[in-house]
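# An overview of the molecular structure
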Amino acid sequence: MRHVGWIAGASAAVLVAAGAITYAVAEDGGGSGTKAPSADSADAGFARDMAVHHQQAVEMSYIVRDRTKDVEVRRLAYDIAQTQANQRGMLLGWLDLWDLPKVSSDAPMTWMGMGDMASGKDGSLMPGMATNTEMKKLNTLSGRQAEVFYLQLMTDHHKGGIHMAEGCVEKCKVGVEKKLAQGMVDAQQSEIKLMADMLKERGAKARD
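As the structure is a computational prediction, the values presented were derived from the model and not from experiment. (Residues numbered from 1 in each chain as written. Predicted model: local features only at pLDDT ≥ 70, side-chain atom pairs only at ≥ 80, totals over all residues. Heavy atoms only, no water.)

### Quick look at the overall build of the protein
Rules: Helix numbering and strand numbering both begin at the N terminus, where a helix is a DSSP run of H or I of at least 4 residues and a strand a DSSP run of E of at least 2. Summary of the burial criterion: residues with accessible area below 20% of their type's maximum are buried, those above 50% are exposed, and those between are partly exposed, where the area comes from a 1.4 Å probe applied to protein chains only. Contacts between residues were defined by any pair of non-hydrogen atoms, one from each residue, lying within 4.5 Å. Only the protein chains shown count as cover for residues, with accessible areas throughout obtained via the Shrake-Rupley method and a probe of 1.4 Å.
Counting its regular elements, the protein contains six helices and zero strands. Across the protein, helices and strands are ordered from the amino to the carboxyl terminus as α-α-α-α-α-α. Here the protein, with 208 residues, has 48% of them falling under the buried criterion. Counting contacts in the protein only where the partners sit at least 6 residues apart, residues at least 24 apart contribute 77% of the total. Total accessible area on the protein stands at roughly 9,900 Å², and carbon and sulfur atoms take up 53% of it.

Listed below in structure tokens is the structure:
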């Protein structure tokens, strides 16, 4: 419980700022008198792909909250779910503001020049995402086993998310979106360190 207090505060701050960020990005890219990003831009590609990536993190987090009574893990899972659901809403909202489709015929991460990395095998559409088999397994575990597996899956998930967010920081043109992506990098790097400590407390470690 001592590990996650700061995350709750950060999550609340993100929620409070959501409306302001959404309106700011309209002005920064797609507002009146401003040219919106194109459908094949890094800005649009990141928004589409990270929305999908975030959705799975939300699903995993709500699964583990039903599979354990551990306060520390449940609070972390809730904070991750709330933060990423909120960010996902912003990303999809920006696509609406830009009048761009939320899906693309291009492979995920094509905007990063890495479309060949996303095989979609067993439901893992992008690096770091859990497979359908792993999601089903998480649903069968409980207690300490569920906690460890969730922390391992979310560590992998964050690593994949950081890689994609760093791509947006480098390639995106909309300033507010670049700032959000950098915020994702910073927050998820901190959460990876936190989850490493939580795994150690449970006699486990991240997967290789």
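### Concerning the environment of Gly-143
Relative to the helices and strands, Gly-143 is located in helix H5 (residues 143-171). Not counting chain neighbours up to four residues away, the residues in contact with Gly-143 comprise Arg-67 and Thr-68.

### Considerations on the packing of helix H2 (residues 42-65) against helix H4 (residues 132-140)
Applied cut-off: Geometry is summarised by axes, namely lines fitted to C-alpha atoms with helices restricted to the contacting stretch, and by angles between N-to-C directions that run from 0 to 180 degrees. Here is the rule for angles: anything less than 35 degrees is roughly parallel, anything more than 145 is roughly antiparallel, 65 through 115 is roughly perpendicular, and the remaining ranges are oblique. Amino acid classes used here: Ala, Val, Leu, Ile, Met, Phe, Trp, Tyr, Cys and Pro are nonpolar; Asp, Glu, Lys and Arg are charged; the rest, including Gly, are polar.
H4 packs onto H2 with a crossing angle of 20° between their chain directions and a minimal axis gap of 10 Å. Classed by the angle they form, the pair H2 and H4 counts as roughly parallel. On H4, the residues touching Gln-56, Glu-59, Met-60 and Ile-63 of H2 are Met-135, Leu-138 and Asn-139. Along the lines of polarity and charge, the residues of the contact of H2 with H4 split into four nonpolar, two polar and one charged.

### Brief notes about the state of the cysteines
Keep this limit in mind: Cysteine sulfur atoms are paired as a disulfide whenever they fall within 2.5 Å.
As enumerated under the stated definition, the model contains one disulfide in all. There is a disulfide in this structure between Cys-168 and Cys-172, and the S-S distance comes to 2.2 Å. Taking the sign of the S-S torsion, -120° for the link of Cys-168 and Cys-172, the bridge is left-handed. Of the residues examined, Cys-168 reaches a relative accessible area of 0% and is grouped as buried.

### What about helix H6 (residues 175-201)?
Quick reminder of the rule: In this analysis, the expected span of each helix is defined as 1.5 Å times one less than the number of residues it contains.
A rise of 1.5 Å per residue sets the reference length of H6, with its 27 residues, at 39 Å; its end C-alpha atoms lie 39 Å apart and thus fit the reference within 8%. Positive backbone phi, approximately 70°, marks Gly-203, located one or two places after H6.

### A few points about the confidence of the model for the protein
Rules: pLDDT: the predictor's confidence for each residue, scored from 0 to 100.
In this model, the protein carries a mean pLDDT of 88, and residues with pLDDT of at least 70 account for 83%. Confidence over residues 4-23 falls short of pLDDT 50; this stretch has 25 contacts with residues more than four positions distant or in other chains.

### Looking at the pattern of salt bridges
When the charged atoms of two side chains with opposite charge come close together, those side chains can pair. Stated precisely, the cut-off is as follows: What makes a salt bridge here is a side-chain nitrogen of Lys or Arg within 4 Å of a carboxyl oxygen of Asp or Glu, nothing more.
Applying the stated criterion across every chain yields a total of eight salt bridges. Here Arg-202 ties to Glu-201 by a salt bridge, and the two come within 3.7 Å at their closest N and O atoms. A single salt-bridge network, built from bridges that share partners, covers Asp-70, Glu-72, Arg-144, Glu-147, Glu-201 and Arg-202.

### Quick notes on unusual backbone geometry
Of note in the backbone geometry, Asp-99 takes a positive phi value of approximately 55° without being a glycine. Tracing the sequence through the fold places Asp-99 in the loop between helix H3 (71-97) and H4. By relative accessible area, which is 69% here, Asp-99 ends up exposed. Unusually for a residue other than glycine, Met-109 sits at a positive phi of about 70°. As for its position among the elements, Met-109 is in the loop between H3 and H4.

### Comments concerning the packing of aromatic side chains
How two aromatic rings sit relative to each other is set out by the distance from centre to centre and by the angle between their planes. Condition: Stacked, tilted and edge-to-face are the three classes assigned to paired rings of Phe, Tyr and Trp, where Trp is represented by its six-membered ring and a pair needs centres within 6.5 Å; plane angles under 30 degrees give stacked, over 60 edge-to-face, the rest tilted. Note on criteria: charge over ring means Lys NZ or Arg CZ within 6 Å of the ring centre, with the direction from the centre no more than 35 degrees off the ring normal.
With the rule as written, the count across this model stands at two aromatic pairs. With a centroid separation of 5.9 Å and 75° between ring planes, the pair formed by Phe-46 and Trp-111 is classed as edge-to-face. Taken together, the residues span a long stretch of sequence, with Phe-46 in helix H2 and Trp-111 in the loop between H3 and H4 at a distance of 65 residues. Take Phe-46: its relative accessible area is 0%, and that puts it in the buried class. Here Trp-94 and Trp-98 contribute two aromatic rings whose centre-to-centre distance is 6.4 Å and whose plane-to-plane angle is 40°, an arrangement assigned as tilted. Residue Trp-94 shares its accessibility class with Trp-98, and that shared class is buried. Here the guanidinium or amino end of Lys-137 rests over the ring plane of Phe-149, the centre of that ring lying 4.5 Å away.

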